[in-house]
Every structure is written in structure tokens, then in C-alpha cells.
Amino acid sequence: MRYVVFNRKGGVGKSTIVCNLAAVSAASGLRTLVVDLDPQGNASQYLTGREPGDLKPTLHDFFEGTLGFRLLRSTPETFVHKTPVPNLDLLASDPELIELQPKLESRHKIYKLRDLLKSLDDYDRVFLDTPPALGFYTTSALIAADSCLIPFDCDEFSRRALYQLLETVAEIREDHNPELRVGGVVVNQFQKRASLPKRLVAELMEEDLPVLEPYLSSTVKVRESHERHQPLVEMLPRHPVSEQFRQVFAALPLD
């Protein structure tokens, strides 16, 4: 099962959600893979402590190989890196993905990521992190995924963007990937004592949108886990937000 975490808005916690759900998956005994398609490389750095682009080969090397610029003698497994989390592997990002994007678009390489992940078929769960834009890499991830998870950080801008995101998923499903479904809206940085988050989430529920429960609470410990390059569920497994991540993982669709 492949999950893409997608939102055009930056700062909504995509990488945090990807890495912690993947760590929960790995801790449950499932072979798990994180695919970091964001040139910023936040997920790669979060999981390994290495600077973006330091883990070679990267997804840049994979995509460059599809253009024939470099004839690498490689298998799909060549691009996979182990992380300190048992059962959790990584396809690492690279800042040079930005410069490569126009060439990939002009050569219509939009299905190459899907083909790569199909070759890596021994993973039980795959989580794809995406840039905050609907470009080549995000579209490739949506084409490669079975289920789309949409972070929602409880403000009016996110609510407006949510409807556009749902339309995008429907369009990708119609044109490229009939298997793609909205797996759920992941409410992030939720403040239960504030009236606006409660009202916005209640309105989403009233519209019968697939809001996953529980909602992920706001905590400074998440930032500390970024600094320590360790998913919160690994750093503080008994923290209330770690338990929330485990419950969200249990609520994810399986087909």
C-alpha cells in the first residue's frame, strides 16, 4: 500500500506526518519505505541526520538515469538507503531535483516513479513526501500512490486549499491513476482549547469529508524531534502525540 502526503501549502507538517507514520509502520513489523520527493529533503534529514543530497545515490540519480544522461549499472535496490529505524528504508532527496524537473517534464517521464516502486514490491507500506506545489514530482507521486493523505492545519487558508486538492486528486484519478483515492484528511497542529480549529474540523465532518481521528495535537516536542533527527514516536514513544500517530496509522485505509 502506497500513501502520498500531499498539500500545496508549505509548513503543514507533510514531512513530520510521513516520517512518524512510517516509523509507526516499521515498529509494527512492516517493511516500510519513505520516498522523499521534496528537493528541500526534510524527510531525508529527519530520518538520517544527513544533509539533503549527501546520501548517494539519490532520487536525482534515479531520474537522471531515466533521461539517459548517465548510464548507471543499477537495480531499483541501488537507490534504497537504510535508516536508523529498524524496518524503515529511504529513497533520498536531493536539491538538484529542482534543476532536473524541466527536462523530466519535456521528456514525459511522469510514470517512471510508479515503475520504480512497482519494482520495489517487497515493501508492505510506502509513504511519499512531496514538495508544496503541483509539479512533476508531486504528480509522479500521485500517479504512483494508492491513497492520498491531506494534512490540514486548521486555518481558513488550508480549508480553501483543501477543496482544490480534492479536485486535483479526482483529476489525477481520471487521467492517470484510477486506483488513487483520498485516504483521509490528517488534522495537524490541533489546539483543542481554541474555537477556530474545532469549528473548522466540525464543518469538514459535516461535509462528510474523510477526516481521520484522532487529530494531531500541537507540541514543541515535534520540533525537538526534528532537531534530534528522530521521529517523535521513536524519541518519545509514550508522548500523547506519539499515541495519536499510532491511532492515525491504525485508521489508514488498506485498500
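Here the structure is shown first, and the text comes after it.
In this text, all values refer to a predicted model and were calculated from it rather than measured experimentally. (Residues numbered from 1 in each chain as written. Predicted model: local features only at pLDDT ≥ 70, side-chain atom pairs only at ≥ 80, totals over all residues. Heavy atoms only, no water.)

Q: What is the right way to read the side chain of Thr219 from this model?
A: Tracing the sequence through the fold places Thr219 in the loop between helix H8 (195–206) and helix H9 (220–228). Once residues within four sequence positions are removed from consideration, Thr219 is found in contact with His239 and Val241. (Helix = DSSP H or I, 4+ residues; strand = E, 2+ residues; numbered from the N terminus. Contact = heavy atoms within 4.5 Å.)

Q: Looking at this structure, I do not really get the pattern of salt bridges. What am I missing?
A: Pairing between side chains of opposite charge can happen when the charged atoms of each approach one another. Taken as a whole, this structure holds 13 salt bridges when the rule is applied. Residue Asp155 pairs with Lys9 through a salt bridge whose shortest N-O separation is 3.6 Å. Placement of Asp155 in the loop between strand S6 (147–152) and helix H7 (156–175) and of Lys9 in the loop between strand S1 (2–5) and helix H1 (14–27) is noted, with a sequence separation of 146 residues between them. Look at Lys9 and you get partly exposed, because its relative accessible area is 24%. (Salt bridge = Lys/Arg side-chain N within 4 Å of Asp/Glu carboxyl O. Buried < 20%, exposed > 50% of the residue type's maximum accessible area, 1.4 Å probe, protein only.)

Q: Even after reading the chapter, I still don't get H8, so can you show me in this structure?
A: Counting along an α-helix, one turn takes 3.6 residues, and residues three or four places apart therefore face a common direction. In a regular helix each residue adds 1.5 Å, so 12 residues correspond to 16 Å; H8 covers 16 Å between its end C-alpha atoms and thus fits that length. Every buried residue of H8 is listed here: Pro197, Leu200, Val201, Glu203 and Leu204. What you see down the axis of H8 is that its buried residues fit within an arc of 155°, all on one side. In this structure, H8 carries Ser195 and Glu206 as exposed residues pointing more than 90 degrees from its buried face. Tucked into the core, H8 has its buried residues touching S6, H7 and strand S7 (181–187). Where H8 ends, the next residue or the one after it, Asp208, has phi of about 65°, a positive value. (Expected span 1.5 Å × (residues − 1). Arc of directions from axis to C-beta.)

Q: Help me out: how do you make sense of H9 in this one?
A: One side-chain oxygen of the residue at the start of H9 lies 3.1 Å from the amide nitrogen of Lys221, identifying that residue as Thr219. One or two positions beyond H9, positive phi appears at His229, with a value near 55°. (Polar contact = N/O pair within 3.5 Å; in protein donor to acceptor, adjacent residues only side chain to side chain.)

Q: Hey, could you run me through the sheet that holds S1 in this one?
A: Pairing between the strands of a sheet is mediated by backbone hydrogen bonds and can be parallel or antiparallel. Ordered in space as S3-S4-S2-S5-S1-S6-S7, the seven strands form an open sheet in which the pairing is mixed. In the strand order of this sheet, the two ends are held by strand S3 (80–82) and S7, each with one partner. Averaged over all neighbouring strand pairs, the angle between strand axes comes to 25°, with direction disregarded. Sheet analysis places strand S2 (residues 32–36) next to strand S5 (residues 125–129), joined by five bridges and oriented parallel. (Pairing = 2+ DSSP bridges. Axes fitted to C-alpha atoms, helices over the stretch in contact; angles between N-to-C directions.)

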